[in-house]
Amino acid sequence: MERLDKFLANAKVGTRNEVKKLIRKGLIKVNGNVIKKSDFKLKDTDIVEMNGNIIEKHKLIYIIINKPVGYLSSTYDSHDKYILQLINHKYRDELSIAGRLDKDAHGLLFLTNDGDMIHKIISPKKNIYKTYEVKVNGNITQDKIKKLESGIQLKDFITKPAIVEKIENNLITIKISEGKYHQVKRMMRAVNLEVVDLKRIAIGNLYLPDGLKEGKWMEIEKPNIFDNNSPI
């Protein structure tokens, strides 16, 4: 059982003080009855209304956005553009990003207030593959692809094996289960390829929809990111 004022505050009707004022003014109904006590205990089956509108209980939400180049994968920055500025949602301040992209990269970002899912996505133990389209300057040879797929010795670590597919002469897709700092760019540089464009198209089984334009976002149902997350 949950207090009425806490329920309303969690549902983003207002701050705790603001919803208490609404309750005292008789603007809140529970099962059709006006309730003026902030500490009124709600049952799971109770229906809460304000101005004739049913108030939904606080819930976990899942959002994808097609990140444009030039935005930080951040929920706040005092000096630069950041991705949360593009999202207008009542739970906006609760959102966290599961797997960031560099400022000059674009594509799929996943945001949620589901802390458990965030942890699973970013945990190295879960081996959630992220898929990127990479345009490069340089000659994409089978030898370079084999090196990327075998694991690359970088300055501070050896990468896990990647899955690489050559799409065109200067375009590949690469799937990695890690997300170290500038990892894809560093891997390309290690085989003498220069990244011209970097776009993330998938996280596990969650793919960037074709119709979602850059800078646009959408709320989705809880995704099955972890089902069949093998790179094959």
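Up top is the structure these notes are about.
Residues numbered from 1 in each chain as written. Predicted model: local features only at pLDDT ≥ 70, side-chain atom pairs only at ≥ 80, totals over all residues. Heavy atoms only, no water.

Overview of the overall build of the protein chain
In terms of helices and strands, the protein chain carries five helices and 15 strands. Computed over its C-alpha atoms, the radius of gyration of the protein chain comes to 23 Å, more than 25% above the 17 Å expected for a compact globule of 232 residues. For the protein chain, the C-alpha atoms occupy an extent of roughly 75 × 35 × 35 Å along the three principal directions. By the burial criterion, 45% of the 232 residues in the protein chain qualify as buried. Carbon together with sulfur atoms contributes 47% to the accessible area of the protein chain, which is approximately 13200 Å² in total. (Helix = DSSP H or I, 4+ residues; strand = E, 2+ residues; numbered from the N terminus. Rg over C-alpha atoms; globule rule 2.2 N^0.38 Å. Buried < 20%, exposed > 50% of the residue type's maximum accessible area, 1.4 Å probe, protein only. Areas by Shrake-Rupley, 256 points an atom, 1.4 Å probe, with all protein chains shown as cover.)

A short note on helix α3 (residues 115-122)
Those residues of α3 lying buried are M117, I118 and I121. Looking straight down α3, one finds its buried side chains confined to an arc of 105°; they lie on one side. Of the residues flanking the start of α3, the one acting as N-cap is D114, its side-chain oxygen 3.2 Å from the backbone nitrogen of D116. (Arc of directions from axis to C-beta. Polar contact = N/O pair within 3.5 Å; in protein donor to acceptor, adjacent residues only side chain to side chain.)

Some details on the pattern of salt bridges
Here the structure, examined in full by the defined rule, presents 13 salt bridges. Residue D116 pairs with K120 through a salt bridge whose shortest N-O separation is 3.3 Å. Taken together, the positions of D116 and K120, both in helix α3 and four residues apart, correspond to about one turn of that helix. One salt-bridge network, held together by shared partners, links R3, D5 and R16. (Salt bridge = Lys/Arg side-chain N within 4 Å of Asp/Glu carboxyl O.)

Points about the nonpolar core
Burial of nonpolar side chains together is a common tendency in soluble globular proteins. Counting 35 residues, the largest nonpolar core has L111, Y132, V134, I174, V184, M187 and M188 as the members making the most contacts within it. Where this core is concerned, the elements lending two or more residues are β7 (62-67), β9 (106-112), β10 (130-137), α4 (142-150), β12 (171-176) and α5 (183-190). The residues touching L111, leaving out its near neighbours within four places in the chain, are I61, Y62, I63, I65, I83, L84, I87, L95, S96 and I97. Residues Y62, L108, I121 and L212 belong to the second largest nonpolar core, which totals 15 residues. (Core = buried A, V, L, I, M, F, W, Y, C linked by side-chain atoms within 4.5 Å. Contact = heavy atoms within 4.5 Å.)

Notes on the pairing of β9
Among the seven residues of β9, seven are classified as buried, and the element is accordingly described as predominantly covered. As paired strands, strand β8 (residues 96-97) and β9 are joined by two bridges and run antiparallel to one another. Paired with I97 across the two strands is L111, which belongs to β9. Here β9 pairs with strand β13 (residues 194-203) via two bridges, running parallel. Across the sheet, residue H106 finds its bridge partner in β13, namely K199. (Pairing = 2+ DSSP bridges.)

Some thoughts on α4
Residue pairs spaced three or four apart in an α-helix point in one direction, given the helix's 3.6 residues per turn. Taken together, the buried positions of α4 are occupied by K144, I145 and L148. Taken around the axis of α4, the buried residues stretch over an arc of 100°, which confines them to a single face. Facing away from the buried side of α4 by over 90 degrees, the exposed positions are Q142, K146 and S150. For α4, the secondary structure elements touched by its buried residues are β11 (163-168) and α5. Phi for G151, located one or two positions after α4, is positive at around 110°.

Here's the deal with the sheet that holds strand β2 (residues 28-30)
Strand order across the open sheet formed by four strands is β3-β2-β5-β6, with antiparallel pairing between neighbours. If you trace the sheet from one side to the other, it starts and ends with β3 (33-34) and β6 (53-54), each paired once. Direction of pairing for strand β5 (residues 48-50) relative to β6: antiparallel, over a ladder of two bridges. Among the inter-strand pairings, E49 is bridged to a residue of β6, identified as I54.

Regarding the pairing of β13
Pairing of β10 with β13, which is carried by eight bridges, proceeds in the antiparallel orientation. By the bridge assignment for β13, N137 is matched with E194. Two strands pair when backbone bridges link them, and β13 and strand β14 (residues 206-207) are joined in this way by two bridges, in the antiparallel orientation. Note that in β14 the partner of A202 across the bridge is Y207.

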